[in-house]
Amino acid sequence: VALGLYFPRKEYMENVYIDEPAGTPLLRIHALKDSHEEVARFHLCQNLIVPRARPQENNWFQIREKTGLLYLSKSLDREDFNMLSVGNWVPLSKVMLYVFLSSHPFQEKDCDSATRTAVSLSLINATAPACSSLTARQLCFTEMDLSFQIKENKPAGTFHQLQLPSVHHLCQNLSISYKLLAAEGVPFRYNENTSSVRVTQRLDREERERYELIAKCTVREGFREMQVEVPFLVNVLDEDDSPPFLPNGTDTADAVVEFNRKEGTVLSSLTVYDADTTPIYPLESSRKKYTGTIITDDPWISETFRVEHIFDEIHFSPNGSQVRGTRHEY
């Protein structure tokens, strides 16, 4: 299993209506690579997770191995809905399935070990609404926030498609177009032909940790035009790739010890900055990352003096954008 491939979203959500025909596309899932050689393959493992009931065999959903397009392989009828909503008469039932990611052809045994993401499906006890009854917001964007996580130092790649496959499939009389509004020089590109968004270069979290863009959608129906804008956020995930550094390059501090100092007296201090990581919880794991040690052969010194380590989160401002880091004080 390639550990390098990963999903740029923590979870995906979509609505499924009764009697939508087999073949209806529901949503497209993307993967990003650790190295150029990797090929992303998507796979569904057998069961649907149904709240408060035992898992059901998945007879309705399939994913295209090479493109990540999740679609209905069988129409969901009322009988299916009643079974998946555990017999309760409810207007909506939620089920979940897992999409798995691998760089080689998938085998069922990989379901336990491969990288996965959750897809939450709202099964709605009604037929799909007419396109004319949907708001511009519903035609343009799902209920999910457009929020993504991209690892630093990884190859460029496509990580989202703005056009909703299900709406595009059902509402062919409407013209729906998108734009990605961003400052100059931001490393993201929108492709109008495929409606996909791509990160165009390797990112560096120590340069910038968060990008805030806007996705703009225009819906045209005859002479009527509606527009809607939503935030489009990219968080850059950290790799431990920058060494800690000392202010002024000073790695030594002199300590003068006078007689009759009280216990707890601070004799000397040294500060170390780490732009790479922020304090990790539990805090013990941050404390173990760097340790302060007195190097001595004299047992009296070891018993009489100790190094204390405190640390807190600080902000650096490269290029005017705030990046979190850690200040360690010894």
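Since the model is a prediction, treat every value here as computed from it, not as a measurement.

Colleague: How should the overall build of the protein chain be read in this particular structure?
Modeller: Counting its secondary structure elements, the protein chain contains five helices and 19 strands. Its C-alpha atoms give the protein chain a radius of gyration of 27 Å, clearly above 20 Å, the size a compact globule of 330 residues would have. C-alpha extents for the protein chain along the principal axes are approximately 85 × 50 × 40 Å. Considering the protein chain as a whole, with its 330 residues, one finds that 41% of them fall into the buried category. Counting contacts in the protein chain only where the partners sit at least 6 residues apart, residues at least 24 apart contribute 69% of the total.

Colleague: Is there a simple way to think about empty space enclosed by the protein in this case?
Modeller: Under the definition given, this model contains four cavities of 30 Å³ or more. Within this model, the largest cavity holds a volume of roughly 170 Å³. In terms of lining residues, the largest cavity is bounded by 16 residues, among which Thr142, Met144, His160, Gln161 and Leu164 are the most central. Where the lining of the largest cavity is concerned, the elements lending two or more residues are strand 1 (11–17), strand 2 (25–28) and strand 11 (157–161). Looking at which element gives the most residues to the lining of the largest cavity, the answer is strand 2, with three residues. Grouping the constituent residues of the lining of the largest cavity by class yields nine nonpolar, four polar and three charged.

Colleague: Sorry, what's going on with the state of the cysteines here?
Modeller: Note on terminology: disulfide describes a covalent bond linking the sulfur atoms of two cysteines. Counted by the stated rule, this structure contains two disulfides. Cys131 shares a disulfide with Cys171; S-S distance 2.0 Å. Where Cys131 bonds to Cys171 through sulfur, the torsion about that S-S bond is close to -85°, and the disulfide is left-handed. Taken together, the positions of Cys131 in the loop between strand 9 (115–124) and helix 2 (136–140) and Cys171 in the loop between helix 3 (165–170) and strand 12 (175–181) put the pair 40 residues apart, joining distant regions of the chain. Each sulfur in the disulfide pair Cys140 and Cys217 lies 2.0 Å from the other.

Colleague: Just checking my understanding: could you explain the layout of surface pockets for this structure?
Modeller: Empty space among the atoms can be located by rolling a probe the size of a water molecule over them. Computed from the structure, the largest pocket encloses a volume of approximately 1,300 Å³. The wall of the largest pocket is formed by 35 residues, among which Ser268, Ile294, Arg306, Val307 and Glu308 lie closest to the centre. Sorting elements by how many residues they give to the lining of the largest pocket places helix 5 (residues 299–304) first, with four residues. The calculated volume of the second largest pocket comes to roughly 440 Å³. Lining the second largest pocket are 23 residues, with Glu14, Asn15, Tyr17, Gln138 and Glu143 sitting closest to its centre.

Colleague: Please clarify how the nonpolar core should be interpreted in this entry.
Modeller: As a rule of thumb, nonpolar side chains are buried together in soluble globular proteins. By size, the foremost hydrophobic cluster in this structure holds 33 residues, and its most contacted members are Phe141, Ile150, Phe159, Phe188 and Phe232. Taken together, the elements giving at least two residues each to this core come down to helix 2, strand 10 (146–151), strand 12, strand 14 (196–199), strand 15 (210–221) and strand 16 (224–237). Residues Ile63, Leu72, Phe81 and Leu123 belong to the second largest nonpolar core, which totals 30 residues.

Calculation criteria
Residues numbered from 1 in each chain as written. Predicted model: local features only at pLDDT ≥ 70, side-chain atom pairs only at ≥ 80, totals over all residues. Heavy atoms only, no water. Helix = DSSP H or I, 4+ residues; strand = E, 2+ residues; numbered from the N terminus. Rg over C-alpha atoms; globule rule 2.2 N^0.38 Å. Buried < 20%, exposed > 50% of the residue type's maximum accessible area, 1.4 Å probe, protein only. Contact = heavy atoms within 4.5 Å. 1 Å grid on protein atoms, 1.4 Å probe; cavity = no way out; pocket = protein on both sides within 12 Å on 5 of 7 lines; lining within 4 Å. Points joined across faces, edges and corners; volume = space filled by probe spheres on them. Nonpolar A, V, L, I, M, F, W, Y, C, P; charged D, E, K, R; others polar. Disulfide = S-S within 2.5 Å. Core = buried A, V, L, I, M, F, W, Y, C linked by side-chain atoms within 4.5 Å.

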